[in-house]
Amino acid sequence: LLVWAGVSTLQVNVNKIKHLNRRKTMNSKRLFLGALLAAAMVVGASAGYAAEKKTKVGFVYVGPIGDHGWSYQHNVGRMAIARTFGDQVKTTYVESVPEGADAARVITKLARTGHKLIFTTSFGYMNPTLKVAKRFPKVKFEHATGFKRSKNVTTYSARFYEGRHVVGLIAGKMTKSNILGYVASFPIPEVIRGINATIIAARSVNPKIKIKVVWVSSWFDPGKEADAAKALIAQGADIIMQHTDSPAPLQQAQKNKVWAVGQASDMVSFGPKAQLTAIIDNWNAYYIRRTKAVLDGTWKSQDTWGGFKAGMVSMAPYNKAIPADVVALAEKAKNGIIAGTVHPFAGPIKNQAGKIVVPAGKNADDGMLLGMNFYVEGVDGTIPK
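Residues numbered from 1 in each chain as written. Predicted model: local features only at pLDDT ≥ 70, side-chain atom pairs only at ≥ 80, totals over all residues. Heavy atoms only, no water.

A. View of helix 3 (residues 101-112). Over its 12 residues, helix 3 runs 17 Å from end to end, which matches the ideal 16 Å to within 8%, given 1.5 Å per residue. Where helix 3 is buried, its residues touch strand 1 (55-60), strand 2 (89-94), strand 3 (115-120), helix 4 (126-135) and strand 4 (140-144). Backbone geometry just downstream of helix 3 places Gly114 in the positive-phi region, at approximately 90°. (Helix = DSSP H or I, 4+ residues; strand = E, 2+ residues; numbered from the N terminus. Expected span 1.5 Å × (residues − 1). Contact = heavy atoms within 4.5 Å.)

This is the structure:
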């Protein structure tokens, strides 16, 4: 009995020891898990803090980033921001946003979700941008191609007409039919200015030349753009130009064995035999500069309108079929624009009715260019209302 009692007592003590050890083990596990959880919370908090520290930069595009034209090139600029600033910024974009009420909703959402800098990249976003900017005075807005500004709204654009001047000289020398075709989007000053710059330059080397215009009432509609190019070719145009965003006109030109000019980016891969050159929009340096201004607190509302000299406009490589003397003519004009010795709207310039609008010895000033609402001599048709 005593032996049994002793064994029982020993067993009880062993059980107590095991129980105590289990409790210690469990406590150790709890302590370890608690420490692990605390560490995770610290890491999570740090990550959240880091995320909050990133400056959010948003973009609104009128077309898809795959348009290989206008929106594509703006998106190249967005990616340049991401590469340049790394973890300091977070960029986002919304593509294919119609101009008008939809644009206001998208811009508002970006402002509400912590974006400190928002680029709205189409003319029709002007009023929606201003409207949203009033509600979010601490957010910085940048509107492309517009003319209305406020304390927290800047405007910026490029002097695309400088590229049109160079293209017009090439077209004037390369055409056989003396008819140029122009696929146009909307009758705003920017587009009208490009048409006029093209025909003024073309007629300076070939007075017989005319330009025909088809308006498609869209920035990006490959079907309409292709149909417009077809219609122009049917009317005798042997060089197709455009102020729309898809490569469809260039593809149509290649299909019909006529020349074409790329728009906004180098579209040569879509028509290597057809593309004479392309007018390229370079937004990278501007977007990097304006993002830096937000980061270092120096951002101010302003207007920027840069061309060849500022690096905001450039020409794609010239087609090898262009004669050397024509390439030399184009390069001389480009260099002259950079130097300030050549102006694409140098007088005398007459409007369609034959009235002098810019006298000899004078250049059209920026006010006339920004508000251009008339055709010059050599343009067929009328401007849509």
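B. Here's a closer look at the pairing of strand 9 (residues 259-264). Counting buried positions over the 6 residues of strand 9 gives 5, a clear majority of the element. Strand direction decides the pairing type here: strand 8 (residues 239-243) and strand 9, joined by 2 bridges, are parallel. Residue pairing for strand 9: Ile239 is matched across the bridge by Trp259. Note on the crossover from strand 8 through helix 8 (residues 248-255) to strand 9: the handedness is right-handed. Sheet analysis places strand 9 next to strand 10 (residues 275-281), joined by 5 bridges and oriented parallel. Paired with Ala264 across the two strands is Ile280, which belongs to strand 10. (Buried < 20%, exposed > 50% of the residue type's maximum accessible area, 1.4 Å probe, protein only. Pairing = 2+ DSSP bridges. Right-handed = clockwise from strand over helix to strand, strands pointing away.)

C. Summary view of empty space enclosed by the protein. Tallied over the full model, the rule gives 3 cavities of 30 Å³ or more. Of the volumes computed, that of the largest cavity is approximately 80 Å³. The wall of the largest cavity is formed by Val62, Trp70, Thr121, Ser122, Phe123, Thr145, Glu190, Trp219, His243, Asp245 and Gln263. Grouping the amino acids of the lining of the largest cavity by side-chain chemistry returns 4 nonpolar, 5 polar and 2 charged. (1 Å grid on protein atoms, 1.4 Å probe; cavity = no way out; pocket = protein on both sides within 12 Å on 5 of 7 lines; lining within 4 Å. Points joined across faces, edges and corners; volume = space filled by probe spheres on them. Nonpolar A, V, L, I, M, F, W, Y, C, P; charged D, E, K, R; others polar.)

D. Summary view of helix 10 (residues 324-339). With 16 residues, helix 10 extends 22 Å from end C-alpha to end C-alpha; this agrees with the ideal 22 Å at 1.5 Å per step. Of the positions making up helix 10, those classed as buried are Val326, Ala330, Ala333, Lys334, Gly336 and Ile337. For helix 10, the arc enclosing every buried residue in end-on projection is 160°, short of the 170-degree limit, so these residues lie on one face. Pointing more than 90 degrees away from the buried face of helix 10 are the exposed residues Ala324, Asp325, Lys332 and Ala339. The secondary structure elements touched by the buried residues of helix 10 are helix 5 (160-174) and strand 12 (313-315). Phi turns positive one or two residues past the end of helix 10, at Gly340, with a value near 90°. (Arc of directions from axis to C-beta.)

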